[in-house]
Amino acid sequence: MRPTLVQATGPAHTRIYAYGAARGENAVPNDDLVGPIDSSDEWIRQRTGIVTRMRADAGTDAIDLATDAAAEAIATSGVAAADIDAVIVATISNPKQTPSVSAIVADRVGANPAAAYDLNAACAGFAYGVAQADALIRAGAARYAVVIGTEKLSDIVDPTDRSISFLLGDGAGAVVVGPSDTPGIGPTVWGSDGSKADAVGMNHTLVEFREGAAPWPTLRQEGPTVFRWAVWEMVKVARQALDAAGVRAEDLSAFIPHQANMRIIDEFAKQLGLGENVLIARDIETTGNTSAASIPLATHRLLTEHPELSGGLALQIGFGAGLVFGAQVVVLP
């Protein structure tokens, strides 16, 4: 008789238990960056809404930031570190190609021998990580997962580049995801448009740098292209995420978009018709654009400043390099 294969199953629902955050140690005002790009504090504020951005010390890397954020999320969640089954890290700034940030962080926070892997979906990475944690838990492959977005973008920026250098900051945000008696994470609407991959990304390869054919690779973008795509296409994705979750814009307590640009955030809110009762994350003003870390960092700040948001619905949407995007509605812890 042929044996019957056992296939794992898990709980019907999941939710986010807690958030953690770590920002770079140094607040860097616009005036410190304007010289190399021949700009001004006023120009940066008007175009991006950024007043300062947080940047890490030379001795702090994306792994350190991720560890601090994960440790806070775990401590706040009430879940023992030893019970974490999976650690998922979204980043584009691992200081090494390998080993993964996630494996090191899992060890540092006491989650050995949790499954651990990194993913690269740029500014959509955190939304991707939450989608995967939700699926792993409901499939029975894990019971508790930590999802981290972490970046030290100051390591991959050219201070003379006017397209993106003044936007970027350093930081990490983390969540603990686990089983729930009621739905806490809505369906994820995600995708990409690789045909426009040149709109934002690294300008050279490490091989070109090694061979002396190019300088150190840095992050660049075609600002107008990214702005138009984010404003017009991502609003459609946000609406799809609301529909998939079975909620309306007026049901939201908070809107937490990727912190790319204040003008994009404001246009988003306008097109979605968000009322005054919906709190909108604008963490970019003092933290800057932290790519995969921006959504959890912005959420952490909102919850710290507005604890009454607990139990409310939040729409989060990430979008970035490779024109990758991901959005979902979540219940705030």
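Parameters and conventions
Residues numbered from 1 in each chain as written. Predicted model: local features only at pLDDT ≥ 70, side-chain atom pairs only at ≥ 80, totals over all residues. Heavy atoms only, no water. Helix = DSSP H or I, 4+ residues; strand = E, 2+ residues; numbered from the N terminus. Rg over C-alpha atoms; globule rule 2.2 N^0.38 Å. Buried < 20%, exposed > 50% of the residue type's maximum accessible area, 1.4 Å probe, protein only. Contact = heavy atoms within 4.5 Å. Areas by Shrake-Rupley, 256 points an atom, 1.4 Å probe, with all protein chains shown as cover. 1 Å grid on protein atoms, 1.4 Å probe; cavity = no way out; pocket = protein on both sides within 12 Å on 5 of 7 lines; lining within 4 Å. Points joined across faces, edges and corners; volume = space filled by probe spheres on them. Nonpolar A, V, L, I, M, F, W, Y, C, P; charged D, E, K, R; others polar.

Bringing the overall build of the protein chain into the picture now. Tallying secondary structure elements over the protein chain gives 10 helices and 14 strands in all. Over its C-alpha trace the protein chain gives a radius of gyration of 19 Å, about what one expects of a compact globule, namely 20 Å for 333 residues. By its C-alpha atoms, the protein chain is 70 × 50 × 35 Å across when sized along the principal axes. Out of the 333 residues belonging to the protein chain, those deemed buried represent 54%. A separation of at least 24 residues holds for 77% of the contacts in the protein chain among residues at least 6 apart in sequence. Of the roughly 14,300 Å² of accessible surface on the protein chain, a fraction of 51% belongs to carbon and sulfur atoms.

In this section: the layout of surface pockets. Taken as a whole, the largest pocket holds about 670 Å³ of empty space. Lining the largest pocket are 25 residues, with Ile92, Asn94, Gln97, Ile156 and Met202 positioned closest to its centre. By residue number, the principal contributor to the lining of the largest pocket is strand E9 (residues 200–202), which donates three residues. Taken together, the residues that form the lining of the largest pocket break down as 12 nonpolar, nine polar and four charged. Here the second largest pocket defines a volume of roughly 480 Å³. Residue assignment for the lining of the second largest pocket shows that the elements contributing at least two residues are helix H2 (41–48), strand E10 (219–221), helix H7 (223–245), helix H8 (262–272) and strand E13 (313–320). Examining the composition of the lining of the second largest pocket, we find that five residues originate from one element, H7, more than from any other. Looking at the lining of the second largest pocket residue by residue, the class counts come to 19 nonpolar, nine polar and three charged.

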